[in-house]
Amino acid sequence: MNLFYIFIFFILLNACSTKEEASINQRYKFQDTYTFKLKASFSLPLDSVTSHYSECVQYFENDSLQLFAMHNQPKNSIYIYDYVSKKLKTLIALPTEGARGVGEIDGFYIHTLDSIFVPSTNTQAMYLINRKGDILQKYKYNRQSTKDVVQILFHSQTMALVDGKLYCPTPPRGNDRNTTLTEVLDLKTKKWNSYVTMPESYDKGFFGAVNFYLAKRTYNPNKKSFCFSFPIDNYVYEYDVTKQVNKQYAGSKYLQDVKPMASTKIWASFQNTYTFYRKMPSYREIFYDKYKKLYYRIAEHPISEEFINSNDILKKGMKNFSIIILDENLKKVGEYLPPKYTYTSTITPTKEGLLILNFKKSEEKDNEENAFYDLFEIVENRE
């Protein structure tokens, strides 16, 4: 009897979990192993002038503490919460000018509580600060000329400190695929180097909107490698600290191909390029979950013609998304479709699961002084 049930189990497993998808430009099979299930909800206290949304958040552990930090851009501050108690533990308010001034910061990266990196475009420098906001070190950007402006933006999981070198994301200049996407700071020599350019998929045409040229990446400490997600590309690209080492198909079953706006670069108004971006599918962030050894890639769904010209600001301006789940080798093992018009695409892997800001609840009139998060656990797909 036991052998019979084992036999039936494997038949059902093979029938249900291996799916062939009629996807963007090819048919492929994948193991539909994982999905997400809502586990819990909670809120973090803010103040009346603080936005609940931040593109730069970080979950990390310090000694026996679990901490959660977020960038408060309007106040040029970093809020650090005790993740367990959900209470504000530390507020690092950074002045823009004066002896302790660091300019307007473009995100943060907490290596330790007394080793925090903050980039600033308007001062053209990277700062190393402690939890009190004291400047421990200043690293000037590598400018080619006095007119040259280097931009380094720290979003969630986009940077890493590896063997004494800080790997920093920078957007391409002028929508040119030949510009580099990573600035590398050697903390010992204070010298900068660059690497990683856009993939060949950008040679097929001009995509107009700057959103299509913003590469996203995540760092895998187990493999000491970065994984890049490009908005127009069905593939993801893995790099070690020197070169590309892997390329894997990681497309969404919900999306069609991303088509260029024109075969060559043309002039187009912001309105036209923005409308084009909203009508087209695209990919955004990719996150590595070191606890589950999985990757999560955001796939943005196009806005229908019906909503493009709608009076509803949310429906005409927001792309809903799905979350593509990849294993340690970047093989697809699932895709989850969250409720529409509810969550932001900035997600945070934690020990307990995947943390996503519920902006729908956070924006309710009575909830202005709290940021509401939903915690999802990764589960085996039973469908």
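Look up: the structure comes first, before these words.
Just so it is clear, the structure is predicted and the values come from calculations on it, not from any experiment. (Residues numbered from 1 in each chain as written. Predicted model: local features only at pLDDT ≥ 70, side-chain atom pairs only at ≥ 80, totals over all residues. Heavy atoms only, no water.)

Novice: Which parts of the structure should I look at to understand the pattern of salt bridges?
Specialist: Pairing between side chains of opposite charge can happen when their charged atoms approach one another. Across all of its chains, the model carries ten salt bridges by this definition. Salt-bridge contacts for R284 lead to E300; the nearest nitrogen and oxygen are separated by 3.8 Å. Residue R284 is found in strand β20 (residues 282–289), and its partner E300 is found in strand β21 (residues 294–300); the two are separated by 16 residues along the sequence. Comparing R284 with E300 shows no difference in burial state: the two are buried. The shortest N-O distance in the salt bridge between K332 and E335 comes to 2.9 Å. Pair check on accessibility: K332 and E335 agree, each one buried. Overlapping salt bridges, with partners in common, bring together R284, E285 and E300 in one network. (Salt bridge = Lys/Arg side-chain N within 4 Å of Asp/Glu carboxyl O. Helix = DSSP H or I, 4+ residues; strand = E, 2+ residues; numbered from the N terminus. Buried < 20%, exposed > 50% of the residue type's maximum accessible area, 1.4 Å probe, protein only.)

Novice: Looking at this structure, I do not really get the sheet that holds strand β14 (residues 182–186). What am I missing?
Specialist: As summarised here, the arrangement of the four strands in space is β12-β13-β14-β15, forming an open sheet in which the pairing is antiparallel. With partners counted over all chains shown, the strands left at the sheet margins are β12 (160–162) and β15 (192–195), one partner each. On average, each strand axis in the sheet is tilted by 25 degrees relative to the strand beside it, whichever way the strands run. Summarising the sheet, β12 and strand β13 (residues 165–169) pair through three bridges and their orientation is antiparallel. Note on β13: the bridge partner recorded for A160 is Y167. (Pairing = 2+ DSSP bridges. Axes fitted to C-alpha atoms, helices over the stretch in contact; angles between N-to-C directions.)

Novice: Explanation requested: the pairing of strand β9 (residues 115–120) in the structure shown.
Specialist: Within β9, six of the six residues are buried, which leaves it mostly tucked inside the rest of the structure. Side chains of β9 alternate between two faces, with S115, F117 and P119 and I116, V118 and S120 buried alike. Alignment of strand β8 (residues 109–112) against β9, held across three bridges, turns out to be antiparallel. Residue pairing for β9: I110 is matched across the bridge by I116. Two successive antiparallel strands, β8 and β9, enclose a turn made up of two residues. Pairing between β9 and strand β10 (residues 125–129): five bridges, direction antiparallel. Directly across from P119, in β10, lies its bridge partner M126. Here β9 folds back onto β10 in antiparallel fashion, the turn holding four residues, of which Q124 has a positive phi close to 55 degrees.

Novice: I'm lost on unusual backbone geometry in this one. Help?
Specialist: Glycine aside, a negative phi is what most residues show, and trans is what most peptide bonds show. Residue N76 is not a glycine yet carries a positive backbone phi of 50 degrees. Tracing the backbone shows N76 in the loop between β5 (65–72) and β6 (77–82). Phi angles above zero are rare outside glycine, and K190 is one such case at about 65 degrees. With respect to the helices and strands, the residue K190 is situated in the loop between β14 and β15. Given a relative accessible area of 41%, K190 falls into the partly exposed group.

Novice: What am I meant to see in the packing of aromatic side chains here?
Specialist: Under the defined criterion, the tally for this structure stands at 29 aromatic pairs. Between F212 and Y277, the ring centres sit 5.1 Å apart and the planes meet at 70 degrees, which makes this aromatic pair edge-to-face. With F212 in the loop between β15 and β16 (216–220) and Y277 in helix α2 (residues 270–279), this residue pair connects regions lying 65 residues apart in the sequence. Each of the two residues, F212 as well as Y277, counts as buried. Judged by centre distance (5.4 Å) and plane angle (85 degrees), the rings of Y235 and Y249 are edge-to-face. Highlighted residues: Y235 in strand β18 (residues 235–239) and Y249 in strand β19 (residues 244–249), separated in sequence by 14 residues. (Phe/Tyr/Trp six-rings, centres within 6.5 Å; stacked < 30°, edge-to-face > 60°.)

Novice: Help me understand the environment of M198 in this model?
Specialist: Within the element layout of this structure, M198 appears in the loop between β15 and β16. Look at M198 and you get buried, because its relative accessible area is 2%. Taking the C-alpha atoms as reference points, M198 and E305, separated by 107 residues in sequence, lie 30 Å from one another. Sequence-distant contacts of M198, that is, excluding residues within four places in its chain, are made with P172, D176, R177, T179, L181, Y213 and F230. (Contact = heavy atoms within 4.5 Å.)

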